[in-house]
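What follows is each chain in one-letter form.
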Amino acid sequence: DSVEEIRLIRNTPGFYFVTADGFSNVYIFSPGEGELTLHEEVELPDGPISEPAFNQRRTHIELINQSSGQTYNLDQNGIR
């Protein structure tokens, strides 16, 4: 299957969070000199996410499964 659209957000410390519809993981990348390096691969406990959306919060990134209403609070170390 191909992915047509990804969701991407950057937190205050500079880490990038990436996921997409149908993914079971959130990929967290740390910035480097002209590159991104995979920092963490976080498996979502409820399986694949549908209609993902990210929100920037003061202390974390919120990931919402818009079809179920399930939310996850994330930081660069994984699910909080």
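In case you missed it, the structure is sitting above this.
Treat the numbers as computed from the prediction; the structure is a model and nothing was measured.

Kindly report on the pairing of strand S6 (residues 61–65), identifying the contributing residues and their values.
Burial of S6 is extensive: five of the five residues sit out of reach of the surface. Covered by surrounding structure in S6 are Ile-61, Leu-63 and Asn-65 together with Glu-62 and Ile-64, the residues of both alternating faces. Here strand S5 (residues 52–56) pairs with S6 via five bridges, running antiparallel. Its bridge partner lying in S6, Ala-53 is registered against Ile-64. Hairpin connection of S6 to strand S7 (residues 71–75): five residues between the antiparallel strands, including Gly-69 at a positive phi of 85°.

Quick one: what's the story with the packing of aromatic side chains, residue by residue and with numbers?
Scanning the entire structure with this criterion turns up one aromatic pair. Ring centres 6.2 Å apart and planes at 90° place the aromatic pair Phe-23 and Tyr-27 in the edge-to-face group.

I'd love a proper account of the environment of Gly-69, names of residues and values included.
One can find Gly-69 in the loop between S6 and S7. Residue classification places Gly-69 among the partly exposed positions, given a relative accessible area of 48%. Taking the C-alpha atoms as reference, Gly-69 lies 9.9 Å from Glu-51; in sequence the two are 18 residues apart.

Calculation criteria
- Residues numbered from 1 in each chain as written.
- Predicted model: local features only at pLDDT ≥ 70, side-chain atom pairs only at ≥ 80, totals over all residues.
- Heavy atoms only, no water.
- Buried < 20%, exposed > 50% of the residue type's maximum accessible area, 1.4 Å probe, protein only.
- Helix = DSSP H or I, 4+ residues; strand = E, 2+ residues; numbered from the N terminus.
- Pairing = 2+ DSSP bridges.
- Phe/Tyr/Trp six-rings, centres within 6.5 Å; stacked < 30°, edge-to-face > 60°.

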